[in-house]
Each structure stands twice: as C-alpha cells, then as structure tokens.
Amino acid sequence: QTGLERLQSFLNGDEELISAALEGFRRSIERPDLPAVNEILDLDVKGRMHYIRQACLAGMEERYKSDPSQVLDLSDTVLEKAVAFQYTYSSNEQAWFKVCVRNRPNVVAKVLIKHVMMQVKAKKEHINGLYPLANDEEYEGVAILAVAPLLRAFPSRVNKKLSSSVLGNLLKAALRYLSDQELTNIINEKLAVKTMDVTQHIYWLAAGIVVDFFQYEAAIDVFMGRSRNRRQILASFFNDRFERRLIRDG
C-alpha cells in the first residue's frame, strides 16, 4: 500500500537495491541536468511532463520523511524546481511541500506566479495552487507575496470561467491578506481599463464594495443597471464559499 512496499515488491526485497533506489530518488532533485522552472511549467501547459518529475517528487517525500531539514536546506534554485514539479503534477500537497509553504514562501510564491500566469495565458480554467491561496491560512506568507503581482498581471479580457475560477480566488485571497489601501489601488487601476470583459468588471466592483461599500456603491449600481445576467454574475462572487469575515465593518 505504500511506496516503500511497492519498491520492495518490485526489487524482490533486495535491501541493497532498495537502499540505492531510495538514495537515487533523494538525489534526483540535485541533478545538474534538470530542466529549468520555465521549461517544467511550459511542458505542463502543453500537456506534457519531464520524465524525471516523479522521481524528484518521490525523492522530496523521502527527504522529508528522513529529516525535514533535508528539504529546507536545499537552495532556492533547486527548491523552485521541486515546487514547479509539484504544481504541474497534483493538487494533493505532500508534507514536504507544506513545509516549504510555511518556511520558504518566497520560493513557492515565485513559482506560483509564473505557473498561474502561464496557465491563464493558455486559457486553462483549473489551476493547481489557487484554491489554498484563498482558503488555507498556512498560505498567508505565499499570498502576501503572490496575490498583488498576479492581480496586476491578470489580463483585462478572459472568458467567464477564468474570471470566476481564477480571478475569483485571487480576489478572495486579496480580501483576506492585502491591506485595504493596496487592494483599492489595484481595483481602481483595473476599473480604469475600458476593454475589460463584463464578468471581470463585476468581480472587481464586487471586491470594491467589500473593501469600501460607499466608494463603489454608485459605480456598481450603474454598471448593473437592470440586467438580470449581471446580477447573477455578482451573486456568483458572493457564493456559499464566500467568508463573511472578509466583509469589513462599517
């Protein structure tokens, strides 16, 4: 049932071979010929992967099990590749990855920004790493570093699903972790863009009325008009997953 048991079965219980294989996994992430972070992320956008990815991820898991410091002692450059492999593999986070989230948020945020923007450019609607950014308190350090750059870089015209799934999570993370002033500045920058699609425009206004209702009340009332469709889009922002504690007092 475990990776070790499967390895033991595959190698017929040969302890020397098993030990050598595990050491090979652990050292995979430090190979000098590993692909760069951008290459790892680009392959994923194209629906492909580097063949050594799973060996590296297995090795990271083994490093953590042996001693968590074996993960945190890796250089930023090496750890960025491990994080990129994780983001392009699965949304099921391993213990080693959560240690990085807590202790090396700068590394995780750097890779996450590249990962999200490459996925958005490719019009991918389901992106690993966004949901916990808005909903997992352990991601606070990552969110503080990643959310503002991602919001500023978010394109002004995307399809409706990208607005709801990607921008929606980013805005909810922003409401949770960014200061009101910083978020207001970004909202105003975005609302000044005349070519923005309707769904995104409504989501920015929705975030605005959460931060400062009276500042954006008139603007959202005018933009909504009598459109039932636009009101449904606004309602979708405040769905069952919207946390009441994100709403400011007053």
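As shown above, the structure is provided for reference.
Residues numbered from 1 in each chain as written. Predicted model: local features only at pLDDT ≥ 70, side-chain atom pairs only at ≥ 80, totals over all residues. Heavy atoms only, no water.

A. Up close: helix H11 (residues 160–177). Taking 1.5 Å of rise per residue, the 18 residues of H11 would be expected to cover 26 Å, and the 25 Å separating its terminal C-alpha atoms lies within 8% of that figure. Its axis deflected by about 35° at Leu-167, H11 carries its strongest bend there. Of all 18 residues in H11, 14 are buried; the element is thus mostly enclosed. A side-chain oxygen of the first residue of H11 lies 3.1 Å from the backbone nitrogen of Lys-161; this N-cap is Asn-159. (Helix = DSSP H or I, 4+ residues; strand = E, 2+ residues; numbered from the N terminus. Expected span 1.5 Å × (residues − 1). Bend = angle between axes of the 7 residues up to and from the residue. Buried < 20%, exposed > 50% of the residue type's maximum accessible area, 1.4 Å probe, protein only. Polar contact = N/O pair within 3.5 Å; in protein donor to acceptor, adjacent residues only side chain to side chain.)

B. Spotlight on the pattern of salt bridges. One pass over the structure, following the stated rule, counts 15 salt bridges. Residue Lys-98 pairs with Glu-93 through a salt bridge whose shortest N-O separation is 3.7 Å. Given a relative accessible area of 16%, Lys-98 falls into the buried group. Classification of Glu-93 as partly exposed rests on a relative accessible area of 27%. For Arg-176, the salt bridge goes to Glu-137, with nearest N and O atoms at 3.6 Å. Here Arg-176 is found in helix H11, whereas its partner Glu-137 is found in the loop between helix H9 (130–135) and helix H10 (140–153), with 39 residues between them in sequence. You can call Glu-137 exposed: its relative accessible area is 56%. (Salt bridge = Lys/Arg side-chain N within 4 Å of Asp/Glu carboxyl O.)

C. Geometry of the packing of aromatic side chains. Enumeration over the complete set of coordinates arrives at 5 aromatic pairs. Between Trp-96 and Phe-97, the ring centres sit 5.7 Å apart and the planes meet at 90°, which makes this aromatic pair edge-to-face. Judged by relative accessible area, Trp-96 falls into the buried class, the value being 1%. Note on Phe-97: relative accessible area 1%, which makes it buried. Judged by centre distance (5.1 Å) and plane angle (85°), the ring pair of Phe-237 and Phe-238 falls under edge-to-face. Owing to a relative accessible area of 0%, Phe-237 belongs among the buried residues under this scheme. (Phe/Tyr/Trp six-rings, centres within 6.5 Å; stacked < 30°, edge-to-face > 60°.)

D. A look at helix H7 (residues 95–103). Taken together, the buried positions of H7 are occupied by Trp-96, Phe-97, Lys-98, Val-99, Cys-100 and Val-101. Looking at the buried positions of H7, the neighbouring elements they touch are helix H4 (53–66), helix H5 (69–72), helix H6 (76–87), helix H8 (105–121) and H10. (Contact = heavy atoms within 4.5 Å.)

E. Molecular detail of the packing of helix H3 (residues 37–45) against H8. Between H3 and H8, the least distance of the axes is 10 Å, while the angle of their chain directions is 30°. The orientation of H3 relative to H8 falls into the category roughly parallel. Helix-helix and strand crossings are classified by hand; for H3 and H8 the assignment is right-handed. For the pair formed by H3 and H8, the contact residues are Val-37, Asn-38, Leu-41, Asp-42, Asp-44 and Val-45 on the first element and Val-111, Lys-114, His-115, Met-118 and Gln-119 on the second. Here the contact of H3 with H8 is built from residues that sort into 5 nonpolar, 3 polar and 3 charged. (Axes fitted to C-alpha atoms, helices over the stretch in contact; angles between N-to-C directions. Parallel < 35°, antiparallel > 145°, perpendicular 65-115°, else oblique. Left-handed = near helix turned anticlockwise from the far one by under 90°. Nonpolar A, V, L, I, M, F, W, Y, C, P; charged D, E, K, R; others polar.)

F. Expanded view of unusual backbone geometry. Phi at Asn-12 is positive, roughly 55°, even though this residue is not glycine. Relative to the helices and strands, Asn-12 is located in the loop between helix H1 (3–10) and helix H2 (15–28). In this structure, Lys-123 takes a positive phi of about 65° despite not being glycine. Positionally, Lys-123 belongs in the loop between H8 and H9. Among the residues examined, Lys-123 registers a relative accessible area of 61% and is labelled exposed.

G. Region of interest: the side chain of Thr-199. If you trace the backbone, Thr-199 turns up in helix H13 (residues 198–211). Since its relative accessible area comes to 8%, Thr-199 is described here as buried. For Thr-199, the residues in contact, after removing those within four places along its chain, are Lys-160, Ser-163 and Ile-233.

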